[in-house]
Amino acid sequence: MDQHIQFENMSVATGIGVTILDIGGQLLFESSVHAAAYTGFLQMLYAKTDCEESCRIAFLYGCYQARRFGGRYIFYAPSGLVYCASPILDGKGKMTSGALAGPFILTDYDDFMDYDVKGRSPPVDLTDDDIEQLSAGARLAAPCISPRRARAVSEHLFYVTTERYSLTGLAESVSTQTDMFTSAYPVDKENELMAAISRGDIHTANAALNEMLRQILCQYGSNIEALRSRVVELTVLLSRAALKGGADINAILGHNYGYLREIDSFSTIEEIVLWLHMVARRFAGHVFDFSGAKHMDIIYRAVDYIKRKYAEKLTLKEIADHLYISQQYFCRIFKEETGQTPGGYITYVRIEESKKLLRDPAINIIDIPACVGFDNQSYFTKIFKKETGATPGRYRRASITNVVNATYAGE
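Let us look at the structure shown here. Keep in mind that this is a model prediction, so the values were computed, not measured. (Residues numbered from 1 in each chain as written. Predicted model: local features only at pLDDT ≥ 70, side-chain atom pairs only at ≥ 80, totals over all residues. Heavy atoms only, no water.)

Considering the overall build of the protein
Working step 1: What the protein contains, in helices and strands, is 19 helices and 5 strands.
Working step 2: The buried share among the 411 residues of the protein stands at 50%.
Working step 3: The long-range fraction of contacts in the protein, counting pairs at least 24 apart against all pairs at least 6 apart in sequence, stands at 66%. (Helix = DSSP H or I, 4+ residues; strand = E, 2+ residues; numbered from the N terminus. Buried < 20%, exposed > 50% of the residue type's maximum accessible area, 1.4 Å probe, protein only. Contact = heavy atoms within 4.5 Å.)

Here it is as structure tokens:
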């Protein structure tokens, strides 16, 4: 109860709501500020955009990510609103629940309404009255704050969260993770594992994973907490590798949430090792696997050519000519073997490369379409939003939170 008073005081002081969820997503506590926001603005936003369930999953995933980042994490929810998260751990470093501070906005209210409410993909049916009510509600329930203030809120949440729940235990957990990253680590095998997962090659992935686990177990012996922390990081890396290989982001996010919940349930090293192999197999299964393809050589050469030429005015005929086969035959076998059209794969590669450029604020956003093979800005924006659910500008603004969280991870 005393800690709930501290959360309430923090919420009143910052003007930002605070909630606590158990690891199953059930609400354990909400501050009066958050309760007021939910009964008005949030309730209407969820009803109009049908994103309450995806937000609930994102909240829990954010708490697990906070554990990975040493106790603090700032993230965008599917609603377009921003939250801070901190894990609540028991004395053994096991996560029992999570605390959230939010919602708030890191851009401005006009951008939030234009891109995250009216510009949602798929679009939602909103009347002028709906838009007016949501705009007014956002200004009352979701403060517009700077990244610096967001970081201060995250720090405040972290310290309030850990006041009752074993600061020593959390410090030891963070110290263990720091030692793991500074000790000898099989980086070459990790790179091999990530590459194998991204192309759906489970056989190579298993071999690399076995070698990594052998070295990790030799290093940490019977220290199950150190191994568990390493596995949390590996799970996140595996999911990113699967996304890089073309896996569906919603499927991977759902898996990640479930997997990160399971990690704390294992009590032996053997359970963790077997479980991690299962995770690798599942993630690799979401990527199209060329290893069993009848036309493996053709597909590999096509993918390699696309990845080298995506920034140019690439045509399907050009790719087919490079492979010395007809365009019709190329399109048919590519679709049969990978499950997607060559044009769809070219778009995927271009969008992935554009994301890298968007994360670099030194690059003018106007110059990016030409760098990745698009003819004009408007068409690029249309395709980018269709593929990612966000405009290029929104995606770049979201990178603000990544910078903040990366700063936390490096401290």
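Once the structure has been displayed, the description carries forward.
Digging into helix H5 (residues 128-141)
Working step 1: Its 14 residues place the ends of H5 20 Å apart at the C-alpha level, agreeing with the 20 Å of an ideal helix rising 1.5 Å per residue.
Working step 2: Looking at the buried residues of H5, the elements they touch are helix H2 (32-49), strand S5 (95-104) and helix H4 (109-117). (Expected span 1.5 Å × (residues − 1).)

What about the nonpolar core?
Working step 1: Core analysis: the biggest nonpolar cluster contains 35 residues, and Phe 41, Phe 59, Phe 75, Leu 81, Tyr 83, Phe 112 and Leu 134 have the highest contact counts within it.
Working step 2: For this core, the element with the highest residue contribution is helix H3 (residues 52-68), accounting for 7 residues.
Working step 3: What Leu 134 contacts, discounting residues up to four positions off in sequence, is Phe 41, Met 44, Leu 45, Met 113, Val 117 and Leu 126.
Working step 4: Listed in part, the 30 residues of the second largest apolar core include Ala 205, Leu 213, Val 231 and Val 273. (Core = buried A, V, L, I, M, F, W, Y, C linked by side-chain atoms within 4.5 Å.)

Describing the pairing of strand S2 (residues 27-30)
Working step 1: Here 3 bridges tie strand S1 (residues 18-22) to S2, and the two strands are oriented antiparallel to one another. Each bridged residue has a counterpart across the sheet, and for Ile 20 the counterpart in S2 is Phe 29. (Pairing = 2+ DSSP bridges.)

Digging into the pairing of strand S4 (residues 82-89)
Working step 1: Counting buried residues along S4, 8 of its 8 residues qualify, which places the element largely inside the surrounding structure.
Working step 2: The two faces of S4 match: Val 82, Cys 84, Ser 86 and Ile 88 on one face and Tyr 83, Ala 85, Pro 87 and Leu 89 on the other face are all buried.
Working step 3: In terms of strand pairing, strand S3 (residues 73-76) meets S4 through 4 bridges, oriented antiparallel. Of the residues in S4, the one forming a bridge with Phe 75 is Tyr 83.
Working step 4: Once S3 ends, the chain turns through 5 residues before running back antiparallel as S4, passing Gly 80 with a positive phi of about 95°.
Working step 5: The pairing of S4 with S5 spans 7 bridges and is classified as antiparallel.

Comments concerning the packing of helix H14 (residues 316-323) against helix H15 (residues 327-338)
Angle between the axes and distance between the axes: these two values describe a pair of packed helices.
Working step 1: Look at H14 against H15: their axes get within 8 Å of each other, and the N-to-C directions meet at 90°. Considering the angle they form, H14 stands roughly perpendicular to H15. Here Leu 316, Lys 317, Ile 319, Ala 320 and Leu 323 of H14 lie close against H15, whose contacting residues are Gln 327, Phe 330 and Cys 331.
Working step 2: In terms of residue class, the contact of H14 with H15 is built from 6 nonpolar, 1 polar and 1 charged. (Axes fitted to C-alpha atoms, helices over the stretch in contact; angles between N-to-C directions. Parallel < 35°, antiparallel > 145°, perpendicular 65-115°, else oblique. Nonpolar A, V, L, I, M, F, W, Y, C, P; charged D, E, K, R; others polar.)

Some thoughts on the sheet that holds S4
Working step 1: Spatially, 5 strands are ordered S2-S1-S5-S4-S3 in an open sheet, and the strand pairing comes out antiparallel. Here the strands that pair on one side only, and so sit at the sheet edges, are S2 and S3. Each strand axis lies, on average, 25° off the axis of its neighbour in the sheet, ignoring direction.
Working step 2: The pairing of S1 with S5 spans 5 bridges and is classified as antiparallel. Paired with Leu 21 across the strands is Gly 98, a residue of S5.
Working step 3: Here H3 sits on the sheet in contact with S1, S3, S4 and S5, set at roughly 60° to S4.

Comments concerning the packing of helix H16 (residues 342-358) against helix H18 (residues 377-388)
Working step 1: Running from N to C, H16 and H18 point in directions that differ by 100°, and their axes come no closer than 11 Å. Relative to H18, the element H16 is oriented roughly perpendicular. Contacts between H16 and H18 involve Thr 347, Ile 351, Ser 354, Lys 355 and Leu 358 from the first element and Phe 380, Ile 383, Phe 384, Glu 387 and Thr 388 from the second.
Working step 2: Tallied by class, residues from the contact of H16 with H18 come to 5 nonpolar, 3 polar and 2 charged.

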